[in-house]
Amino acid sequence: MARSTPNPISRHACPACGSSEVVQISGGSVLPAILFPVESDRAADVPARAVRAAACCECQHVFLTDLDPEFSENLYANYYNLYPFKALETLNAFYREPFNRLLPVFCPPGNLSLLEIGCDEVEQMRCFLDQGYRCTAINPGARECGDVRFIDGYYGSTPVTGDFDRIISRFNLEHIVDIDGFFEQLHQNLKADGIAIMQVPNAEHFLHLGVLNMFAHEHPHYFCRKSLAALIFRCGFEVRFLNGVTEPSLICAFGRRTGGSYDPSARIGGLRQVVSEVCAFIGRSDDGVVLYGAGLSASALLYSSDFQARWYDRISIVDDNAVIQGRLMPNTPLTIDRPDDQAFENGKSIILTLSQQYHPAVIRRLRARGVAADIYAISSGGFKAVVSDC
Ligand SMILES: [Zn+2]
């Protein structure tokens, strides 16, 4: 739920992607603090305020621009509890089922730690408890309970200790005023390999349906698929899953950004360097080499301009895949052999040209068979001798 802080949402910048290309949406209505029908003794004198909103031209995020912290505080203290259904949105099967469909992928059974933001009900967390998870939840007014560690507070301002394998937020992000504070806290609480899953109403779908008003004072944000992805990226995370624009709610699973920048031309240039190194090695290997794996790395060597045809005599190629044994590499006299003892008996150096993931098993097998030859590997680290303790 939102917290009562001064409004950090500028009318001049998109809180999702950060763009300053925003347009003010005209014709906002004066809306009461609660839009749901209420009991007769509460129906009169509900505070009301004009809704002012803007839309981002870059990511199409829609957001309220003229929030009044006092009005919001009054709304949450005195009116939000008048919604007749507890956790209305998450109890609705229409929203719950798409979320539950993701669970086998992102929340498999196990001894994982999980934090749910904006939750104060054990029942809502039952699906995680049943998976064997250790569950924590934070929500204003949440009370301690045996199965779940509840924290009474606002995520982003109330400290939450610990780091978690999974962080869940269902129909909560659209309430958050200080969205940067929220994501800063998320950075502290999500483990390096953790996954966060956020579910929000899909404003694009809502508008498509022709419903005449989508605004409510408790929702400063109206996400579409593009703006949710933009927010997650801007806040330093990487989207792992995000469902479609035509669904009533958006569900996004994300984690920390992995790897550095991706520069394919520099990377391919680096690989050419490795090809030159390996070809130079073959050129020096008068006793010959065995290429283990008739795959793409082997083809890079054989068809490189650094490779000399007179080296065919010093090269043999083996592969574990019976389908290609006995066949030849195109335009060469090189036959693919079985990796049997005969292939290694002459002590030729072995170069692992098959995928890196198979290297440990192949090395173990060779050493277990008593193959004493030097082994080299081509992997993400380049061309290197294998240091084995066998
Ligand atoms: Zn934007």
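Below: a short report on this structure. Worth saying up front: this structure is predicted, and the values here are computed from it rather than measured.

Turning next to the sheet that holds strand 1 (residues 22-25). Spatially, the four strands line up as an open sheet ordered 1-4-5-11, and their pairing is antiparallel. Looking at the sheet topology across the chains shown, the edges are occupied by strand 1 and strand 11 (221-222). In the sheet, strand 1 pairs with strand 4 (residues 53-56) via four bridges, with the strands oriented antiparallel. What sits directly across from Q24, in strand 4, is A54.

This next bit is on the pairing of strand 10 (residues 190-201). Where strand 9 (residues 164-170) lies against strand 10, six bridges are found, and the strand directions are parallel. Paired with I168 across the strands is I197, a residue of strand 10. Of the strand pairs in this sheet, strand 10 and strand 13 (residues 249-256) are connected by six bridges, and their pairing is antiparallel. Paired with A196 across the strands is F254, a residue of strand 13.

Glancing now at the packing of helix 5 (residues 179-189) against helix 7 (residues 225-234). When two helices pack together, their arrangement is given by the angle between the helix axes and by the axis-to-axis distance. Contact pair helix 5 / helix 7: the axes reach a minimum separation of 11 Å and the direction vectors enclose 55°. Classified by the angle their axes make, helix 5 and helix 7 are oblique. Crossing of helix 5 against helix 7: the hand is right-handed. For the pair helix 5 and helix 7, the contacting residues are I179, D180 and F183 in the first and L231, I232 and R234 in the second.

Quick look at the pattern of salt bridges now. In the structure shown here, the tally under the stated rule is ten salt bridges. Note that R49 is salt-bridged to D68, the shortest N-O span being 4.0 Å. Taken together, the residues span a long stretch of sequence, with R49 in strand 3 (residues 48-50) and D68 in the loop between strand 5 (62-64) and helix 1 (69-79) at a distance of 19 residues. We note a salt bridge from R365 to D320, for which the minimum N-O separation is 3.2 Å. A residue pair is termed long-range when its members are at least 10 positions apart, and R365 in helix 11 (residues 359-368) and D320 in the loop between strand 15 (315-318) and strand 16 (336-337) qualify at 45 residues.

As a further point, take the nonpolar core. With 49 residues, the main nonpolar core has L173, F183 and L186 as its most contacted residues. Apart from the residues within four sequence positions on either side, L173 is in contact with I179, F182, F183, M198, V200, H221, F223, L228 and L231. Counting residues in each nonpolar core, the second largest holds 24 residues, with V278, F281, I317 and M329 among its members.

On to the packing of aromatic side chains. In the structure shown here, the tally under the stated rule is 18 aromatic pairs. Between F99 and F128, the ring centres sit 6.5 Å apart and the planes meet at 85°, which makes this aromatic pair edge-to-face. With a gap of 29 residues between them, F99 in helix 3 (residues 93-106) and F128 in helix 4 (residues 126-129) connect regions that are remote in the sequence. An identical accessibility class is assigned to F99 and F128; each is buried. A ring pair is formed by F106 and F241, whose centres lie 6.3 Å apart and whose planes are at 55°; its orientation type is tilted. Highlighted residues: F106 in helix 3 and F241 in strand 12 (residues 237-242), separated in sequence by 135 residues. By way of ring pairs, the aromatic residues Y155, F182, F183, F237 and F254 are connected into one cluster. Sitting over the ring of Y79, R42 keeps its end group 5.2 Å from the ring centre. Over the aromatic face of F99 sits the side chain of R170, whose NZ or CZ is 4.5 Å from the ring centroid.

Residues F206, L209 and V211 make up a contiguous nonpolar surface patch of roughly 250 Å² in combined accessible area. With respect to the element layout, F206 can be found in helix 6 (residues 203-209). Looking at F206, the relative accessible area reads 32%, which means it is partly exposed.

What counts and what doesn't
Residues numbered from 1 in each chain as written. Predicted model: local features only at pLDDT ≥ 70, side-chain atom pairs only at ≥ 80, totals over all residues. Heavy atoms only, no water. Pairing = 2+ DSSP bridges. Helix = DSSP H or I, 4+ residues; strand = E, 2+ residues; numbered from the N terminus. Axes fitted to C-alpha atoms, helices over the stretch in contact; angles between N-to-C directions. Parallel < 35°, antiparallel > 145°, perpendicular 65-115°, else oblique. Left-handed = near helix turned anticlockwise from the far one by under 90°. Contact = heavy atoms within 4.5 Å. Salt bridge = Lys/Arg side-chain N within 4 Å of Asp/Glu carboxyl O. Core = buried A, V, L, I, M, F, W, Y, C linked by side-chain atoms within 4.5 Å. Buried < 20%, exposed > 50% of the residue type's maximum accessible area, 1.4 Å probe, protein only. Phe/Tyr/Trp six-rings, centres within 6.5 Å; stacked < 30°, edge-to-face > 60°. Lys NZ or Arg CZ within 6 Å of the ring centre and 35° of its normal. Patch = residues over 30% accessible without salt bridge, like charges linked within 9 Å, V, L, I, M, F, W, Y side chains within 5 Å. Areas by Shrake-Rupley, 256 points an atom, 1.4 Å probe, with all protein chains shown as cover.

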